Amino acid sequence: MSGIMDNIDIERIASQDLGEDALALLEAHRDNDDVVFFLARFAWQGELRNCVPILRAIAIDPGRGRYARIASARTVMTLGGADDIEELWAAIPSESPLDRRILAELVEHADPDEQTLLSLGKAIANLEPFERFSVTGLEQALHNLVDRLPIVRAGPVPQLLLRLVAIITPFLESEPYVERGECHVSEEYAWLMPIALHAVDRLVAARSPSALAPEALAIMRNMPALRFWGQGDVNEYREQLNANVPRWKELNDTLYWSSVAERRAFLESKDGKSLTDDWQVTFLHPFWGFAREDFDRVVEWIASRLLLDDRLVALSRAFTLYREHDRPEDWLGKLRTVCSDREELADRLNELLDPTPSPQVQKMEEEHREYERKREAEEAEQAQMRSEWVETLRANPGRVTQPEGLAPGEFSRDQYYLMMSARDENSAFDRGYTADWKSLEKEFGAAVAQAYRAAAITHWRHYEPALSSEGSEIGGTPYSLVFGMAGLAIEAAEEKSFPESLSPAEVERALRYITWELNGFPDWFETLYNAYPIQGLAAIRQELVWELEQRLSQREPHHILHDLVYHAPWLHQHTAPILHDWLTAHALIDDDGLRYAIVIMRAGSLPSAKLAALARQKIASAADADQHARWFALWVDADPAPAIDALEDRLTILAPEEASMFAQRFIVDLMGGRHGTGPRLDAFRTAVHLKTLYVLMHRFIVAEDDIERAGKGVYSPTLRDNAQEARNQLFSLLSEIPGRATYEAIAALAEEHPAKGHRSWMRSQARERAIKDADEPAWHDAKVWEITEAVLGD
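Residues numbered from 1 in each chain as written. Predicted model: local features only at pLDDT ≥ 70, side-chain atom pairs only at ≥ 80, totals over all residues. Heavy atoms only, no water.

Student: Got a minute to help me understand helix α12 (residues 214-228) in this structure?
Tutor: The α-helix winds at 3.6 residues per turn, so residues separated by three or four positions along the chain end up facing the same way. For α12, with 15 residues, the first-to-last C-alpha span of 22 Å sits near the 21 Å given by 1.5 Å per residue. In terms of residue burial, α12 counts as a mostly covered element, since 12 of its 15 residues are buried. Those residues of α12 lying buried are Ala216, Leu217, Ala218, Ile219, Met220, Arg221, Asn222, Met223, Pro224, Ala225, Leu226 and Phe228. (Helix = DSSP H or I, 4+ residues; strand = E, 2+ residues; numbered from the N terminus. Expected span 1.5 Å × (residues − 1). Buried < 20%, exposed > 50% of the residue type's maximum accessible area, 1.4 Å probe, protein only.)

Right, dumping it as structure tokens:
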């Protein structure tokens, strides 16, 4: 029956009006698995809750067919009450062997809470054996669960991500281990390692103290070993630990020393040998790492560690840094000094400076050569398996478009591997990189490539991306989402009717994808927005207001505000009123958020009077005092005459050092520092206002205190560097304006400049301005008289 009507057909006809009919059919044909499979999907699509009791009984019956149970479980998990769901979790995890596909259904729709994790531990113990190339959906469901588990910032609430790791750990520690104990990960349960790593990666990215727990450290120690010894399908989750662990010094050093301690214990138990060099953990390519700036900290370990063996290990790490950074002479001096108080350290340093291969190193190199031979054989086997899989797809492309037993929006293993095969060199920068479906033709044939294209286009319509504004905590990017983005990119690029052919529901679904692009927004977003501006602006508003609220409470924000500034200037006019109204009603937000908001408002064609009024409101608020300089910059930009007077009043009442800092922040924000300010309104760009600002800034950003950087090598600009450059830029703007008013302003500076040493230069600039005005095209009589008066005086 499943071949007669697919999920999309069912979705079209499913209706609550048919609830009693569906229940009657279920009761009449409850023993027919094909009928149950169809009617369970019908009940799920039509939200027929009256069918839940009978489907619950079928879902927990081990004697029923797999797909009837999967469809029944999905309906109960999505439509059932708490008691219905609890009954499924009480019964199904106890089955042995437990069908991985049925557990995947429970996990995919489970609440991210501790009870789910406890039931999951029981279920894993009863699972049928793992088969690497078997399509079950369980691993993806577990990754999705990891993404849904909340990160607890503080307080007594349990950290569920760490709880999940603790539940998985006993399985990972069960023997036999991979590679004769060289890798302390269970052969049977190595498939769980990417799940645990995903949880740890989220903890590390959030700088949660739970990342320092023994269970989390064990995952970070063992994953490199698992990769090195060639076991486990670890490519389905690409973590950021190689970058994030070294940035977090406490975690980096804790992980390093725990790796040393674990390896030392293993060597002592194996042959009684100690560990005095870290090469036996380094060769595994661990997550910890050390850079040039860490050298002094590592040298300190040589002096401060209590055990001699630890001091020797620290010496090996310091010497590695010394060698990797071209053997700086002063570093060698530090090493000789710190090793001078212990003969064993001094001897080891001399050995490192004049090395000979040790038997241990030679043995390890031989073992690694053996590993390489073994790995080559495994790769050949995997290549054969891939070849067989490719031929299977070529013979049956329908597996790609209609995966057996999966609901719309779910993601099959075939689709995943095809998506990975469609990657290109832009994969690290663009979510739409998997849209190159034609690249599959060479290996898989045209039919499979077309099937991938059709499946991706269908998938985006049914997969529902999470939104931060709806309470979803966005951690990693699920591959199912990437597949949906590929489908959208394909359709937008290739279908001439896009986006006009989309239904209202499809427009809403497409707009849920817009915040997931790695850099800015998807290419198709502007086209979609122009076709459906009301829906598009509503989607932007929802995420933008949510982010502003997060910034208001100093929580870690999403990045739609940043992306609007740098990647969607075409949206500034539409989003500027939203930002203006929100800022009018709310107080302080973080400094970056305010900077982005002002850039958009300046560029968004808002009336200058509205911007000036907002700036005055914020300056009058004591709660926003830390950002007054930024608001003064906006006010001067929009309505300079009263704003400059008010600015001078503010600077005059401040203490000298405080006034100088205020002036520096103001002028950098007005003129733009290394971050830039985007477009300006430039109402202050008249000779009178520029001259007044120039004098005012010289009063509070004193020229005698300027920093001279010329000829002194590379440097990172400070606020003071940027401020003096911005102050001087005022004069550049002034001198570019032709006419008598400019000449008079510069001539006045020759008398009024706060830095007397600048006055003679100002006289020459006034003369140069007059000469430039004289070089303009032929003047009428009034112009000649105006310039004559300017040069000779009235």
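Student: What should I look at first to understand the confidence of the model for the protein in this one?
Tutor: Segments scoring low in pLDDT should not have their predicted coordinates read at a detailed level. In this model, the protein carries an average pLDDT of 85, and 87% of its residues clear a pLDDT of 70 or more. Confidence over residues 425-431 falls short of pLDDT 50; this stretch has 14 contacts with residues more than four positions distant or in other chains. (pLDDT = per-residue confidence, 0-100. Contact = heavy atoms within 4.5 Å.)

Student: Where do I start with the pattern of salt bridges in this structure?
Tutor: Side-chain pairs of opposite charge can arise whenever the charged atoms involved come near each other. What the rule picks out here adds up to 42 salt bridges. The partner of glutamate 410 in a salt bridge is arginine 74, with the nearest N and O atoms 3.2 Å apart. Here glutamate 410, found in the loop between α21 (398-401) and α22 (413-421), pairs with arginine 74, found in helix α5 (residues 66-79); they are 336 residues apart in sequence, far enough to count as distant. The buried category is assigned to arginine 74, whose relative accessible area is 2%. For glutamate 443, the salt bridge is made with arginine 386, and the minimal N-O distance between the two is 3.0 Å. (Salt bridge = Lys/Arg side-chain N within 4 Å of Asp/Glu carboxyl O.)

Student: Any chance you could explain the environment of histidine 689 here in plain terms?
Tutor: By the element assignment, histidine 689 lies in helix α36 (residues 687-700). For the pair histidine 689 and leucine 734, spaced 45 residues apart in the sequence, the C-alpha separation amounts to 9.1 Å. The contacts of histidine 689, once residues within four sequence positions are left out, are Pro640, Ala641, Ile644, Ala683 and Phe684.

Student: I'm lost on the environment of histidine 586 in this one. Help?
Tutor: Positionally, histidine 586 belongs in the loop between α30 (572-585) and α31 (591-603). Histidine 586 sits 37 residues away from glutamate 549 along the chain, and the two C-alpha atoms are 9.2 Å apart. Within the local environment of histidine 586, its side chain forms a polar contact with the backbone oxygen of tryptophan 582, the two atoms lying 2.8 Å apart. (Polar contact = N/O pair within 3.5 Å; in protein donor to acceptor, adjacent residues only side chain to side chain.)

Student: Just checking my understanding: could you explain the environment of aspartate 590 for this structure?
Tutor: Tracing the backbone shows aspartate 590 in the loop between α30 and α31. The buried category is assigned to aspartate 590, whose relative accessible area is 17%. In this structure the C-alpha to C-alpha distance between aspartate 590 and arginine 551, which are 39 residues apart in sequence, comes to 5.7 Å. At 2.7 Å, the side chain of aspartate 590 and the side chain of arginine 551 are in polar contact.

Student: Any chance you could explain the side chain of aspartate 253 here in plain terms?
Tutor: Along the polypeptide, aspartate 253 turns up in helix α14 (residues 249-271). A relative accessible area of 12% means that aspartate 253 is categorised as buried. Other than its neighbours up to four places away in sequence, aspartate 253 contacts Phe290, Arg297 and Trp301.

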